[in-house]
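# Examining the three-dimensional arrangement
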Amino acid sequence: MRLVPLLVSGVITIGLILALNRPWGSVPPLGSFLSPQHGCWQNAEPVDQSYSLDLDFDALKEKVSVYFDNRMVPHVFAQNDHDLYFVQGYLHAKFRLWQMEFQTHAAAGRLAEVLGAGPDNAILNNDRNMRRLGMVYAAKNALTVMEADTTTKTVMDSYTAGVNAFIENCTVAELPLEYRLLNYVPEKWTNLKTALFLKYMSYDLSGEESDIEYTNAKAVLSRAVFEKLYPIQPDSLDPIVPKGTAFDAPLIHDAMPANADSAYFDWKEPVHIQPVAKPDKDNGSNNWAVSGSKTASGAPILCSDPHLGLNLPSLWFEMQLHTPGSNAYGVSFPGAPAIIIGFTDQVAWGVTNSSRDVKDYYSIRFKDDSKQQYWFDSSWKSSVINIETIKVKGGADVKDTVAYTVFGPVQYDASFTGSGRTKGDLNLAVRWKAHDASNELRTFYELNRAANYEDYLHAIRNFSCPGQNFVFAAKNNNIAIWQQGSFPAKWRRQGDFIMPGTDSSYLWTQKNMIDSTQNPHLINPERGFVSSANQLPTDSTYPYYLGGSYNLYRGISINRRLHQMSNITVNQMEQLQTDNLNVMAETVVPALLKHLNAAGLSADEQKYLGIICSWNFRNEPKEKAVAIFNNWMRLLESEVWSDEFANVPKPYEFPTNYTLVEGILKDSAFTFADNITTPQVETLSDVITTAFKKAVPEIAKAEQEGMLEWSKYKDSGIRHLLRLSPLSRFHLTTGGGADIINATKQYHGPSWRMVVHLTDKTEAFGIFPGGQSGNPGSKYYDNMVNDWSKGAYQPLWIMTEEDASNKQVKYTMTFQK
């Protein structure tokens, strides 16, 4: 029982605290926390816990039946949309309330309210960052559009009413454990909270950029060197839309400003700002669909696995949502209505991140320290000043002044330089597509009712930010993929660096958006499949500048396999989704071995070289070569790039791994191998050999500790959102890695795996690393973790109302007036 170690560790921490009914530091009032009637013990569910209930709510129009299968997946059967989303909101709250509220607090910059300022004010800085980024501003803009649409307003109102129906009827004993641990109670849910959650996903998937890091590199490196270190397109690219595809002429042209060379490209001022908790660069996904022409059954198969942070409670909540006019199955976000990734009776869909850059920074010139006015288009313009009040648990409120400009909020200034300790000398306003009013919820509402390609296309046209690659398959054997989002038409390198904020020539607006019909897409290709894995969507013949940050090797690996395969089965798709082939290693290791001075290696070094030489390039859990290779590459990057970046101010980013790999492969006299800070000229052989020798001590230490096998070395786990060890799962046996189809890193990876076989009677399989319940005292909290780590799948039961008496139904909830 995981509550026992949590309590034991709590008692040890608490020591001799005697005042049980008052808070003591971050510890809750222990009298109520340990109360048998209302305390944490209430979260420990009995083995034979029943979830069957009969519930009455005046807000309902008709009866709703919810059937839980043996995996605790609710199959919701309602007679109308209002009741459907009311019950979805109620179920989300019943099983995931604390998670829902915690994530929206994070989005709104309110974590300090419940957690305090944190060590070195880390939590407070995170809150300031989210507010200065304009998260609530973005959510309010979106909510205006969502509530102007009568359909999505009804959906949101119903969902919110369902969440609040649970909150209003929730007893103290039923409160999730985390509320007791942190000593607070839930607020009333609102439509704004749903909008905030959706913007939080926009932040996770489009909030990562390198403007500051690239600007610092540009301040020191010549333009020619910069272009070599940060090429726009890798040579070995296998894009979403195949190379050689002809594109229509652009419908919009955005000219580079006349002063771009002097004011932008040649601007050399360093930026002393350290961004706060940037989203993981590997937030992405794999997805693909194969036509019946390539499958054994003749029916299409669609696969989707989004790669995100691995947390408990799990990001996803699996459901079936059914009305007389709709039937959707898949995973939902606790905090938002609808099925996000899934299938209907006729079609299936999945998403991957587009990785396009839709978040840019502009240098603002204020008239004075009051920030009331800024210079723009040859005159002083008035700012909008917001005073943010941040409540801090155990401390005084913090006031933060945020100026809003025509670009957006000033995220960084002298008072806030991120997580760094240096004094800022720039005012940086952020222009982010997520700030613009949009209605992504409409996309998922329509996808949940889609029956064909036209329905799918109409649905995704509502999707603005974050840009996503929507893969599609239908039972009539149509397959497609569209990169959908609202993307600015940029000139080459626009937004890669901080831009001048003194005139409109650098500002992109709604008028500068690429027409959605010109977004990259592929429909029923002759090759019989479509796919994406966060790689560039097109080659350089696409008429618009793409920008962004991309993966290379997963796309190569997936496309290679799908080209080779025929008579494909569901089992083969599951195997591909969990495949551990390391294409980067397969590509570069022969070149590393060619240049390595093996004769100069010690006996120990020769031993580890032998492990590399016998490696089959698969990142399997027990493989030792993976850790050796990763350390070798990490140290090689340092040997190659550190001298070039010796004078680059922090923060900066080394070039991507594929830039180094391609440099090694195409140039045996690789220029950057030479250390420019030494008198001698280092060769590729020198740096490759030096890096290998430097890697060996760490590898030898890991082997001595019994930790060299890849699963042990990587040490994957799934952390509770509060980072509480007793509520987390650590030391999982997994393979994979960031550039592998099975993209499992330490605390990041496939958050949902789904394979949908669109036969006459749909077959579907899936799994996520957690469980349906957010209660650590429930057996459904993490019951899928072991199967997920093994690469196993569970059948997804697509229920009909006639199945109500089926033995797979374990519990029944009825909702009525």
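Thresholds, definitions, all that
- Residues numbered from 1 in each chain as written.
- Predicted model: local features only at pLDDT ≥ 70, side-chain atom pairs only at ≥ 80, totals over all residues.
- Heavy atoms only, no water.
- Axes fitted to C-alpha atoms, helices over the stretch in contact; angles between N-to-C directions.
- Helix = DSSP H or I, 4+ residues; strand = E, 2+ residues; numbered from the N terminus.
- Parallel < 35°, antiparallel > 145°, perpendicular 65-115°, else oblique.
- Contact = heavy atoms within 4.5 Å.
- Nonpolar A, V, L, I, M, F, W, Y, C, P; charged D, E, K, R; others polar.
- Pairing = 2+ DSSP bridges.
- Core = buried A, V, L, I, M, F, W, Y, C linked by side-chain atoms within 4.5 Å.
- Buried < 20%, exposed > 50% of the residue type's maximum accessible area, 1.4 Å probe, protein only.

### A few points about the packing of helix H15 (residues 553-564) against helix H17 (residues 583-595)
- Closest axis-to-axis distance for the H15/H17 pair is 8 Å, and the angle between their directions is 100°. When the axis of H15 is compared with that of H17, the two are roughly perpendicular. The residues of H17 that touch H15, namely those facing Tyr553, Ile556, Ser557 and Arg560, are Val583, Met584 and Glu586.
- Partitioning the contact of H15 with H17 into residue classes produces four nonpolar, one polar and two charged.

### A word on the sheet that holds strand E7 (residues 317-323)
- Spatial strand order, E1-E29-E2-E3-E7-E8-E9-E10-E18-E19-E21: eleven strands in an open sheet with mixed pairing. Edge strands, defined here as strands with exactly one partner in the open sheet, are strand E1 (53-56) and strand E21 (521-523). Recorded for the sheet is a direction-independent mean angle of 20° between the axes of neighbouring strands.
- Note that strand E9 (residues 341-343) and strand E10 (residues 347-353) share two bridges and pair antiparallel. Looking across to E10, one finds that Gly342 is bridged to Trp349.
- The sheet contacts of helix H3 (residues 81-108) involve E1, strand E2 (64-69), strand E3 (74-77), E7, strand E8 (326-332) and strand E29 (809-816), and relative to E7 the element is tilted by about 160°.

### A look at unusual backbone geometry
- Residue Pro313 is reached from Leu312 by a cis peptide bond, and omega for that bond is -5°.
- Tracing the chain through its elements places Pro313 in the loop between strand E6 (311-312) and E7.
- Residue Pro651 is bonded to the preceding Lys650 through a cis peptide linkage, with omega at 5°.
- Positionally, Pro651 belongs in the loop between helix H19 (625-641) and helix H20 (657-666).

### Looking at the nonpolar core
- In this structure, Leu91, Trp316, Tyr456, Phe629, Leu636 and Phe815 are the most contacted members of the largest nonpolar core, which totals 228 residues.
- Ranked by residue count, the leading element in this core is H3, at 15 residues.
- Ignoring sequence-local partners within four residues, the contact set of Tyr456 consists of Leu447, Ala450, Phe470, Val471, Phe472, Ala480, Ile481 and Trp482.

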